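Here are the chains, one letter per residue:
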Amino acid sequence: MIKKPTFRILSALTALTLASMACGIGGNTGGDDPTEAPKPTESSEQPTAEPQSSGGAINSWEDAENATIQILAEGSFVDPAEGFQANAVGAGSGFLISSDGLAVTNNHVVTGSARLKVYLNGEEYRAKVLGASECWDLAVIQIDGEDLPFMEPYEGGISVGTEVYSAGFPLGDPEFTLTRGIISKENADGESNWASVDSVVQHDARINPGNSGGPLINEDGQVVGVNYAGNASTDQNFAIMLQDAQDVIEQLTDGIDVDSIGINGQAVMSEDGSIQGIWVSSVKSGSAADRTGISGGDIIIEMEGVSVGRGGAMTDYCDILRSHDAGSTLSISVLRFATSEVLEGQLNGRELTQSFSFGGQVDENTTGSTEVDPGGFYTISDDTGSLQVDLPNIWSEVDTSTYQLAGEYDVARIQALDGGFEAGVEFGVSSDLAQLGGYVQFLDLYRDEVYNPQCSTYEGRSDVITYGDFEGQYDLFSGCDDGPQVVVLSMRPASDQTAYLIYVIGYVYTDGDFDLLDSAISSMVITGGNLP
């Protein structure tokens, strides 16, 4: 798979549009989406000591403070807006669920932190993370204490109008806060840019940054939900229903991460939609993400060949994780801003290595460095349904018909050129083409029969290169009749070398055209269909 275009990566670094996450950066405030999570706010204050309550379950909202904890998480994080933050301290909330110190909070409060401090009624405790889930935005921590007060789960039904209370420590303030409200929607949308939760309630018991992970309780002090999102401008507040999360919490208590690769992250998207993925703020040591080589500041752009973070949401990412076992080997592509490169590897498999990029290899041969505005992107398939790619809107002259190459080989094809029929690309895939013998034979055919007569200079052939599950080579021509440089790439599946042959012909004038070519090839999916 080819590296995403560097120029779009760099220009979009400052233009990423975030739907506002738990670590709280701006966002969409429309509709019922939980679009702003109360973030773990910075805190330098520590709660003053007060007498600690004895153990046992609380039985009233008036006792909520006795089982609600403030969490100070210290570590190094990479924020999309602020950049690298060393030794940062964030504050969140949580609540005890057992007298021996088990507590529930949000994943985004604790995952990736180096050290946790927990305060209960002003008393400081050490704590460690037992298990976490970025998709549920839940975590269970173990506090080093005993005979502690705790909250029981509410096991009844809820309805619009049910009175509820939000408990926690907002804005990093060590003073406990309790707000009152009602359930305003029983089944709210739980898809956001930092979680993908099926069971969420909306309420108006106000929460603020720092309330993350705190409990939403009823008048008897029983937990209805886990607060994880709020939108102050519209007074919309959201909690994960505890009843529906009980199985997840039990697994987290047993030390099993659920729907997780071990990151603290959020979906991000550039303004034009050309860059989207899951921004990684921090990584849990020893996790699948850590073993693969993912680090803070990376953006996960693909998993199993599917783009993730689309629409600024975690939905695709979490759906993929939920479709596989925790130990499954999954292909992954990562954009690393620190070095402006795309890396590929496997979760529970091979470590990340740098992908190939035309822009990074042949920029010296272009006729200019002009950046090209793609005008957005569209997805298109060929007429047989064998091939699918994402193309820039400026390549609007499209032909998806099947045709015969050299009057002999049937090929599924997508050709897309700009309005002047100059820059653009042609994709082709065919099992029939495999009769040629391989990508070398295809390149020889095109060099000798097509482009040597049309182009004054044959720049040469690349070494063997790898694109995800494919291997191949490319030829580069310049001084061609119509003005562009021409790249002819041919590949085959590395695992089944005689199954079919792929070719890509790129017509390029500037570095920007190479960047668009990179982007198009990186999006290519062989869907099967009726492969010629």
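Cut-off values and rules
Residues numbered from 1 in each chain as written. Predicted model: local features only at pLDDT ≥ 70, side-chain atom pairs only at ≥ 80, totals over all residues. Heavy atoms only, no water. Pairing = 2+ DSSP bridges. Helix = DSSP H or I, 4+ residues; strand = E, 2+ residues; numbered from the N terminus. Axes fitted to C-alpha atoms, helices over the stretch in contact; angles between N-to-C directions. Contact = heavy atoms within 4.5 Å. Disulfide = S-S within 2.5 Å. Buried < 20%, exposed > 50% of the residue type's maximum accessible area, 1.4 Å probe, protein only. pLDDT = per-residue confidence, 0-100. Salt bridge = Lys/Arg side-chain N within 4 Å of Asp/Glu carboxyl O.

Topic: the sheet that holds strand S12 (residues 177–188)
Okay, step 1: The strand order S11-S12-S13-S16-S15-S14 describes a closed barrel built from 6 strands, whose pairing is antiparallel. On average, adjacent strands in this sheet sit at an angle of 45° to one another, irrespective of strand direction.
Okay, step 2: Looking at chain direction, strand S14 (residues 215–217) and strand S15 (residues 223–231) are connected through 3 bridges and run antiparallel. Counted as the bridge partner of Ile 217 is Val 223 from S15.
Okay, step 3: On top of the sheet, helix H3 (residues 242–253) reaches S15 and strand S16 (236–241); it is set at about 50° to S16, its chief contact.

Topic: the state of the cysteines
Okay, step 1: The final tally for this structure, using the stated rule, is 2 disulfides.
Okay, step 2: A sulfur-sulfur distance of 2.2 Å marks the disulfide that ties Cys 135 to Cys 318. The disulfide joining Cys 135 to Cys 318 has a torsion of about -100° about its S-S bond and is therefore left-handed. Residue Cys 135 is located in the loop between strand S8 (123–133) and strand S9 (138–143), and its partner Cys 318 is located in helix H5 (residues 315–322); the two are separated by 183 residues in the primary sequence. For the pair Cys 135 and Cys 318, a shared accessibility class is recorded, and that class is buried.
Okay, step 3: Disulfide connectivity for the chain, with bonded cysteines indexed by sequence position, reads 1-2, 3-4.

Comments concerning the pairing of strand S24 (residues 377–381)
Okay, step 1: Pairing between S24 and strand S25 (residues 387–392): 5 bridges, direction antiparallel. Paired with Tyr 378 across the two strands is Leu 391, which belongs to S25.
Okay, step 2: Between S24 and S25, which pair antiparallel one after the other, the connecting turn spans 5 residues, and Gly 385 there sits at a positive phi close to 75°.

With respect to the sheet that holds S25
One key point about sheets: their strands pair by backbone hydrogen bonds, in either a parallel or an antiparallel sense.
Okay, step 1: Pairing is antiparallel in the open sheet, where 3 strands are placed in the order S24-S25-S35. On the outer flanks of this sheet lie S24 and strand S35 (525–526), each paired with one strand and no other.
Okay, step 2: Note that S25 and S35 share 2 bridges and pair antiparallel. In the sheet register, Gln 388 faces S35, and the bridge partner there is Val 525.

A short note on the environment of Gly 428
Okay, step 1: Within the fold, Gly 428 resides in strand S29 (residues 424–430).
Okay, step 2: In this structure the C-alpha to C-alpha distance between Gly 428 and Leu 501, which are 73 residues apart in sequence, comes to 8.2 Å.
Okay, step 3: Contact partners of Gly 428, with chain neighbours within four places excluded, come to Leu 387, Val 411, Ala 412, Arg 413, Leu 501, Ile 502 and Tyr 503.

Considering the confidence of the model for the chain
Okay, step 1: Of all residues in the chain, 85% have pLDDT values of 70 or greater, and the mean over the chain is 83.
Okay, step 2: Low pLDDT, under 50, characterises residues 1–35; the predicted model gives this stretch 133 contacts beyond four residues in sequence or across chains.
Okay, step 3: Throughout residues 362–369 the model reports pLDDT below 50, and contacts reaching past four residues in sequence, or to other chains, amount to 21 contacts.

What to know about the pattern of salt bridges
Okay, step 1: The tally for this structure, following the rule as stated, stands at 13 salt bridges.
Okay, step 2: A salt bridge links Lys 284 to Asp 257; the shortest N-O distance between them is 2.9 Å. Of this pair, Lys 284 sits in the loop between strand S18 (276–283) and helix H4 (288–292) while Asp 257 sits in the loop between H3 and strand S17 (263–270), and the two are 27 residues apart along the sequence.
Okay, step 3: Relative accessible area serves as the criterion here: at 24%, Lys 284 is assigned to the partly exposed category.
Okay, step 4: For Arg 461, the salt bridge goes to Asp 444, with nearest N and O atoms at 2.9 Å. With Arg 461 in strand S30 (residues 455–461) and Asp 444 in helix H7 (residues 439–454), this residue pair connects regions lying 17 residues apart in the sequence.

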